[in-house]
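Coordinate analysis (summary)
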Amino acid sequence: QAPKGPLTLTFEPKNDKMAKNPAEVRMKVRVIRENCISLGNCVAIAPTVFRLDEEGKSTVLDSTSVSEDVLWQTAMACSVDAIVLEDDSGTQLYP
């Protein structure tokens, strides 16, 4: 039986170095366009970071406008792993 009500995502940072203040965000975000299926979860969770372009594909606007927690939540909400998170040195953190 499917749960009733809205889906709630909970993220617990595993690293004390994760920024809480958007001004401290150093994480890079990119979208793998070939993977994007235009569900829009990213836009719903972080509308200042993502938008759907004229082809319905997610594109990054301003990843510094939210905390790293929100970036993680958004990436994990993407069912096709189209959102890639990298640290400031370019090492892929997710997926």
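Anything mentioned here points back to the structure above.
The sections below set out a description of the structure shown in this document. (Residues numbered from 1 in each chain as written. Predicted model: local features only at pLDDT ≥ 70, side-chain atom pairs only at ≥ 80, totals over all residues. Heavy atoms only, no water.)

**Considering the packing of aromatic side chains**
- Applying the stated criterion across every chain yields a total of one aromatic pair.
- Between W72 and Y94, the ring centres sit 5.9 Å apart and the planes meet at 70°, which makes this aromatic pair edge-to-face. One end of the pair, W72, is in helix α2 (residues 68-77); the other, Y94, is in strand β5 (residues 92-94), and 22 residues separate them in sequence.
- In this structure W72 comes out as buried when scored by relative accessible area, which is 15%. (Phe/Tyr/Trp six-rings, centres within 6.5 Å; stacked < 30°, edge-to-face > 60°. Helix = DSSP H or I, 4+ residues; strand = E, 2+ residues; numbered from the N terminus. Buried < 20%, exposed > 50% of the residue type's maximum accessible area, 1.4 Å probe, protein only.)

**Describing the pairing of strand β4 (residues 83-86)**
- Side chains I83 and L85 of β4 all project onto a buried face; the interleaved residues V84 and E86 project onto the opposite face, where all are buried too.
- As paired strands, strand β1 (residues 28-31) and β4 are joined by four bridges and run antiparallel to one another. If you follow R30 over to β4, its bridge partner there is V84.
- Looking at chain direction, β4 and β5 are connected through two bridges and run antiparallel. The partner of E86 across the bridge, within β5, is Q92. (Pairing = 2+ DSSP bridges.)

**What about the sheet that holds β4?**
- Strand order across the open sheet formed by three strands is β1-β4-β5, with antiparallel pairing between neighbours. Both edges of this open sheet fall to β1 and β5, since each of them pairs with a single strand only. Recorded for the sheet is a direction-independent mean angle of 35° between the axes of neighbouring strands.
- Contacts from α2 reach β1, β4 and β5 within the one sheet, and its direction differs from that of β4 by about 145°. (Axes fitted to C-alpha atoms, helices over the stretch in contact; angles between N-to-C directions. Contact = heavy atoms within 4.5 Å.)

**Focus on the pattern of salt bridges**
- Counted according to the given criterion, the structure contains three salt bridges.
- We note a salt bridge from R30 to E86, for which the minimum N-O separation is 2.9 Å. Of the two residues, R30 is situated in strand β1 and E86 in strand β4; the sequence distance between them amounts to 56 residues.
- Residue classification places R30 among the partly exposed positions, given a relative accessible area of 38%.
- For E86, a relative accessible area of 14% corresponds to the buried category.
- The partner of R33 in a salt bridge is E55, with the nearest N and O atoms 2.9 Å apart. Taken together, the positions of R33 in the loop between β1 and α1 (41-45) and E55 in the loop between β2 (50-52) and β3 (58-60) put the pair 22 residues apart, joining distant regions of the chain.
- Put simply, R33, D53 and E55 are held in one network by salt bridges that share partners. (Salt bridge = Lys/Arg side-chain N within 4 Å of Asp/Glu carboxyl O.)

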